[in-house]
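# Geometric and topological summary
Letter by letter, the chains look like this.
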Amino acid sequence: HTLLRQACLQRFGEYHVNHTCNIKTDPKLAEVYLTEALELAKNNSKDSKGDDMNIAHADIYQTLGKACAQLGKYPKAKDLFLITLQAVEEHYGQDHIKVAHSLHNLGNVHLRKGEYAQAKALCERALRILQKHYGQDHIQVAT
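In this report, the structure presented in the accompanying data block is examined. (Residues numbered from 1 in each chain as written. Predicted model: local features only at pLDDT ≥ 70, side-chain atom pairs only at ≥ 80, totals over all residues. Heavy atoms only, no water.)

The secondary structure content of the protein chain amounts to seven helices and zero strands. The N-to-C order of helical and strand elements in the protein chain reads α-α-α-α-α-α-α. Here the protein chain has a C-alpha radius of gyration of 16 Å; the compact-globule value for 143 residues is 15 Å, and the two agree. C-alpha extents for the protein chain along the principal axes are approximately 45 × 40 × 25 Å. (Helix = DSSP H or I, 4+ residues; strand = E, 2+ residues; numbered from the N terminus. Rg over C-alpha atoms; globule rule 2.2 N^0.38 Å.)

Let us look at the pattern of salt bridges. What the rule picks out here adds up to ten salt bridges. Arg 125 is the salt-bridge partner of Glu 89, the closest N and O atoms lying 2.6 Å from each other. One end of the pair, Glu 89, is in helix α4 (residues 74-92); the other, Arg 125, is in helix α6 (residues 116-134), and 36 residues separate them in sequence. Note on Arg 125: relative accessible area 23%, which makes it partly exposed. (Salt bridge = Lys/Arg side-chain N within 4 Å of Asp/Glu carboxyl O. Buried < 20%, exposed > 50% of the residue type's maximum accessible area, 1.4 Å probe, protein only.)

Under the criterion given, the structure shown has one aromatic pair. Arranged with centres 5.5 Å apart and planes meeting at 50 degrees, the rings of Phe 12 and Tyr 33 form a pair that is tilted. In this pair, Phe 12 sits in helix α1 (residues 2-18) while Tyr 33 sits in helix α2 (residues 27-45), placing the two residues 21 residues apart along the sequence. A residue is classified by how much of its surface remains accessible, and Phe 12, at 44% relative accessible area, is partly exposed. Its relative accessible area of 22% is what places Tyr 33 among the partly exposed residues. (Phe/Tyr/Trp six-rings, centres within 6.5 Å; stacked < 30°, edge-to-face > 60°.)

Here it is in structure tokens:
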């Protein structure tokens, strides 16, 4: 029951953050859904050492970071994206597509805060990863 609730909350949160096709979305509602989903995920996966982070949480942290960024909560978004970046780098390695997405999101937060040098460095690293995986002319690299 708890896992189903967590999954539903996560999907509702993702819906309100990621849909852009003239669909009314609500990042405040996404933040509420995703915060609850994250708490449920943490409670469901605590190990004997009390460690509450694993790769399964990374998508929730990432999407919650996007919601916070959309709401202008840049310090919170930055913290969430840093947690995500650390998790995906540790799990997948430094040149994985998920690392590129995390770098891109973190770079966007720095850009919105006017921290252009940090934004540029993060986005250039993300671009190198995308180019390595997709090639120079792929749509994922162009956007």
